[in-house]
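Descriptive structure summary
Chain by chain, the residues:
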Amino acid sequence: MNFLRGVMGGPSAGPQPSGAETIQKLCDRVASSTLLDDRRDAVRALKSLSKKYRLEVGIQAMEHLIHVLQTDRSDSEIIGYALDTLYNVISNDLEEEEQEENLPKQVDDLGSQFTEIFIKQQENVTLLLTLVEEFDFHVRWPGVKLLTSLLKQQGPQVQQIILVSPMGVSRLMDLLADSREVIRNDGVLLLQQLTKSNAAIQKIVAFENAFERLLDIITEEGNSDGGIVVEDCLLLLQNLLKNNNSNQNFFKEGSYIQRMKPWFEVGDDNCGWSAQKVTNLHLMLQLVRVLVSPTNPPGATSSCQKAMFHCGLLQQLCMILMATGVPADILTETINTVSEVIRGCQMNQDYFASVNAPSNPPRPAIVVLLMSMVNERQPFVLRCAVLYCFQCFLYKNQKGQGEIVSTLLPSTIDGNSVSAGQLLCGGLFSTDSLSNWCAAVALAHALQENATLKEQLLRVQLATSIGNPPVSLLQQCTNILSQGDKIDRRGSKVQTRVGLLMLLCTWLSNCSIAVTHFLHNPANVPFLTGQIAENLGEEEQLVQGLCALLLGISIYYNDNSLENYRKEKLKQLIEKRIGRENFIEKLGFISKHELYSRAAQKPQPSFSSPDHMMFDHEFTKLVKELEGVISKAIYKSSEEDKKEEEVKKTLEQHDNIVTHYKKVIREQDQELEELKQRINTLTSQNEQLQATVTQQVSQIQQHKDQYNLLKVQLGKDTQHHNSHSDTFQMNGIQTEEVSKLKEELEEWKNKHELLQGQLWEKDSVIEKLKSSQLEMGTTEQSSQTSRSGGLEHNNELQKELEMLRSQIQLQSAEISKLQIENQKLQVMSTTADHVLGDSSARAANNSELEGQLEQEIKELKSEVKVLSEEKESLKQHLDSSSSTVAILQDEKSKLQQEVAESKKEQDDLLVLLADQDQKLSALKMKLKDLGVPVEDEDDIESGDQGDEDEDGDEEEQD
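To keep things clear, this report deals only with the structure shown in the data block. Source: prediction; values computed, not measured. Counting starts from 1 at the beginning of each chain's written sequence and moves along it residue by residue. Residues qualify for local features only when their pLDDT is at least 70, as the model is predicted, and side-chain atom pairs are given and counted only at 80 or more; totals for whole chains, interfaces and linings, by contrast, use all residues. Side-chain measures were taken over the full set of non-hydrogen atoms in the model, leaving aside hydrogen atoms and water.

Topic: helix 9 (residues 155-164)
Per-residue accessibility, obtained with a 1.4 Å probe over protein chains only, is compared with the maximum for each type, and a residue is labelled buried under 20%, exposed over 50%, and partly exposed between these values. In this description a helix means any DSSP run of H or I spanning at least four residues, a strand means any run of E spanning at least two, and both kinds are numbered starting from the N terminus. The set of residues buried in helix 9 consists of Gly 155, Val 158, Gln 159, Ile 161 and Ile 162. Axial view of helix 9: buried residues confined to an arc of 165 degrees, hence all on one face. Seen from the buried face of helix 9, the exposed residues on the opposite side, beyond 90 degrees, are Pro 156 and Val 164. Each C-beta atom gives one direction from the helix axis, and the arc is the one those directions make.

Below, the structure is given as structure tokens:
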């Protein structure tokens, strides 16, 4: 045990063994010892030597330590020592007191080499993943640290091993749920290394509920006021979301954007901004920017922007923007974040335009930000951020562009308050070159892709000095450009001219009226040709290239309205003064410049110093669009220009013809649709009318049947009346009938008297029953008083009482029946009296019956007449509806004939158009041979027409 005493610091006699010898003996002890305690002591000794003798332990002991991890998993202590030893060997994070001045620079190489040896066997990483699952603190924590170190040294290789191992990523996700903060925090660091630049692992981690857990940790730690754990969680969230569209969509759909709002609820006081809080808030703002970055797909960015507005996150950011006491770097990053949240989103841009700064009187936030941009005392980074915010506010926002330009127009200028337009003009003509450049770029963005505002900006007049007439904004820009270095400016000499030239190029592009105004000043073209023709230094080459671009725009968008500055004369001027090749070479200086390629990479203006601030991102797009077009336009001859103009005219005529016939076809289609709808409505009306006709026919038939029945009944009644009158006139028949009636009357009277007698008898019986019932009540009372008289008498009385009760019930039923019969008899007696009265007066009423019958016959005849008239009217209605149907069918056939004729005319027109297309294609081939560009849309339309009429053209050519 001498070597152990040497390691542990115990006393030893004789010469001390070297570190390599001691490590060798310890390794032998680990390999050969049968007792677990001996192996544990040896591994503990190796751990203590691993920092000082890192190379020796790594070379000699790594294999034995891996064997210990495989075989001694039941003992957590030895496993913990082995993991710590491996971590010390592989990790490069040496403590400062253990680092020596003469330590070789190969420390990084040692860690990566040992890592490569360890992961050469993939089973070692899988074994480490199983050990990380152990709950024992002495095993899990060193395992997490060792796996983190492996990922730092050989990240992609270890990521691939973990990715293919079963449930590899899911095992590591359990670390975030560990109740021990040390393991949880180191688990966050491990996941940071695991998710670096690996989209597949990022997706798995995200779908393992990482967002929920990380946001919970941030909330528990106090959001922006938390410690370094919050910083680590935010870095991990950035790894998961940056350049990963799937995770960004999952984050948005999981409503996690709403949980970001409390992060930015900071106070309005100056205190409480610790370094850690500034770092946390900076990372939080960067995380918001990751979700709305311009490099993301437009649809994903737009949905995140809308979600941030609806949950109040944008409003919270604007409050930070307008708050006091915010550190400069946080304010700058907040401006950049707000910029990208509103970029291209009309709803957010409108809200930002309505935000006011808490000043007296309140000013719009845009005005306050522009005041910072044109103030040369503000930090350079802050001014760049404000410019980016203004650019994002105007991006695809024609409403905002119009509001900015309107503040410059004479009719809307308010002398009492400072407007955005006034600040831009003030910055454009100040003595600070950076303010000139920023104001020029901002104004150019107000005109981007908006020809109407370019024309309106020509109306802007500036009062240069007292007593002098006002000068247009365009003229003032060219005046400052021509003065060049004569004005004493602070900053770069070239920056002001570059900014003004970018503004003029943006203003004149695709606006012939602005080109005419520019050429109307006789000093502009000589200045541009003079600048291009000179041989200047490298700094001035950029100005020469922009002057060449401006002159090329003046040629390409020239409408030849000025006789002295027609396209041909300007090209001749370039040929004489500059030379075409020299002009094209100077034009190419722009795209070859290093600063141009930097600006073309991303929309945000990020420059290391103010001197590098030369190009704007949107302007680089304009240069790419116009450079080739201008080069071709310079080499065109006058004949080619004339041919091009003729071709343009013919194309315009062709377009006019096509649009005319398209309009005619569209109108005919509309008429056809209207007529079809009309036919449908008329057919439906016809069906309804036919249904009503059938109903009315059935009603007429019913009325006929009723009429026939009434007629039959009327015939019977008249026959009966005739026979009755005949009986009166026949011999002895009338007296017999009268006698019969009298006998019947006598019978009814007798019956009536009998019934009344029966009723009287029943009434007397009822009275008797009532009196007997009263007597029964008295007998019951007497029986109660004389109950002591004996049981037999009582029983007899009870029997009599029951008998009487049953008799009362029977008699009450008979009474009810008799009452009903009485009512019936009374009714019969009234009818008998009526019949008796009628028989006595029947002779007098016969004439009345005849009159009533005649009147009913007349009414029936009138009803029959009315029904026949209704039938006639319905027949007429049916005839008219059938005639309208026939007319509609005739109109339909005529319309079909007209459609066929119009189709025939269209075919003829298409044949004519095909002939014109052949001519146009021939002209275009000539133009292409001559190098003239032909617009794509015309090519597409002409190509479509040619495809439709290809067969007809071949027949005509044959």
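Regarding the side chain of Glu 618
In this fold, Glu 618 is placed in helix 36 (residues 617-635). Excluding its chain neighbours within four sequence positions, the residues that come into contact with Glu 618 are Arg 343, Tyr 395, His 445 and Gln 448. Whether two residues are in contact is decided by their heavy atoms: any pair within 4.5 Å suffices.

Notes on the pattern of salt bridges
Opposite charge on two side chains permits them to pair, given that their charged atoms come into close proximity. In what follows, salt bridge is the name for a side-chain nitrogen of Lys or Arg lying within 4 Å of a carboxyl oxygen of Asp or Glu. Taken as a whole and assessed by the stated rule, the structure comprises 24 salt bridges. The shortest N-O distance in the salt bridge between Glu 333 and Arg 289 comes to 3.0 Å. Within this pair, whereas Glu 333 is found in helix 19 (residues 328-342), its partner Arg 289 is found in helix 16 (residues 275-291), the two being separated by 44 residues in sequence. Neither residue differs from the other here; Glu 333 and Arg 289 are each classed as buried. Here Lys 621 ties to Glu 618 by a salt bridge, and the two come within 3.6 Å at their closest N and O atoms. With Lys 621 and Glu 618 both in helix 36, this residue pair falls three residues apart, about one helical turn.

Brief notes about unusual backbone geometry
In this chain, Asn 360 is followed by Pro 361 through a cis amide linkage whose omega measures 0 degrees. Among the structural elements, Pro 361 can be located in the loop between strand 1 (356-357) and strand 2 (363-364). At Ser 255, a position not held by glycine, the phi torsion is positive, near 60 degrees. When its relative accessible area of 39% is taken as the criterion, Ser 255 is described as partly exposed. Even without a glycine there, the phi angle at Glu 449 is positive, about 55 degrees. Position of Glu 449 among the secondary structure elements: in the loop between helix 25 (433-446) and helix 26 (451-457).

Examining the packing of helix 29 (residues 512-520) against helix 31 (residues 538-556)
Note on geometry: axes are C-alpha line fits, over the in-contact stretch for helices, and angles between N-to-C directions span 0 to 180 degrees. Contact pair helix 29 / helix 31: the axes reach a minimum separation of 9 Å and the direction vectors enclose 115 degrees. Helix 29 and helix 31 meet at a crossing whose hand is left-handed. Along the contact surface, helix 29 presents Val 515, Phe 518 and Leu 519, while helix 31 presents Leu 550, Ile 553 and Ser 554. Residue type decides the class: Asp, Glu, Lys and Arg count as charged, Ala, Val, Leu, Ile, Met, Phe, Trp, Tyr, Cys and Pro as nonpolar, and the leftover types, Gly among them, as polar. For the contact of helix 29 with helix 31, a count of residues per class yields five nonpolar, one polar and no charged. Whether a crossing is left-handed or right-handed is set by the direction in which the near helix is turned from the far one by less than a right angle, anticlockwise for left-handed and clockwise for right-handed.

Quick look at the environment of Tyr 596
Looking at where Tyr 596 falls in the secondary structure, it is placed in helix 35 (residues 594-599). Residues Tyr 596 and Met 613 lie 17 residues apart in sequence; the distance between their C-alpha atoms is 10.0 Å. Excluding residues that lie within four positions of it along the chain, Tyr 596 makes contacts with Ile 590, Ser 591, Phe 615, Thr 620, Val 623 and Lys 624.

A word on helix 23 (residues 398-406)
All buried positions along helix 23 are accounted for by Gly 400, Gln 401, Ile 404 and Val 405. For helix 23, the angular spread of buried residues about the axis comes to 130 degrees, placing them on one side. Each element contacted by the buried residues of helix 23 is listed here: helix 22 (380-394), helix 24 (420-428), helix 25 and helix 26.

What about the environment of Gln 349?
With respect to the element layout, Gln 349 can be found in helix 20 (residues 346-354). Residues Gln 349 and Asn 397, 48 residues apart in the sequence, show an inter-C-alpha distance of 7.7 Å.

A closer look at the packing of aromatic side chains
Ring pairs are drawn from Phe, Tyr and Trp, using the six-membered ring of Trp, whenever the two centres fall within 6.5 Å, and their geometry is named by plane angle: stacked under 30 degrees, edge-to-face over 60, tilted for the rest. Enumeration according to the criterion identifies 13 aromatic pairs in this entry. For the pair Phe 211 and Phe 250, a centre-to-centre distance of 5.9 Å together with 35 degrees between the ring planes defines the contact as tilted. One end of the pair, Phe 211, is in helix 13 (residues 210-221); the other, Phe 250, is in helix 15 (residues 245-253), and 39 residues separate them in sequence. Relative accessible area serves as the criterion here: at 0%, Phe 211 is assigned to the buried category. Judged by centre distance (6.2 Å) and plane angle (85 degrees), the ring pair of Trp 437 and Phe 607 falls under edge-to-face. Residue Trp 437 is located in helix 25, and its partner Phe 607 is located in the loop between helix 35 and helix 36; the two are separated by 170 residues in the primary sequence. Residue class for Trp 437 comes out buried when judged on its relative accessible area of 1%. Within the aromatic cluster, the residues linked to one another by ring pairs are Phe 207, Phe 211, Phe 250, Phe 251 and Tyr 256. Only lysine NZ and arginine CZ atoms are considered, and such an atom sits over a ring when it is within 6 Å of the ring centre and within 35 degrees of the ring normal. Positioned above the aromatic ring of Tyr 87 is the side chain of Lys 145, whose terminal nitrogen or guanidinium carbon lies 5.1 Å from the ring centre.

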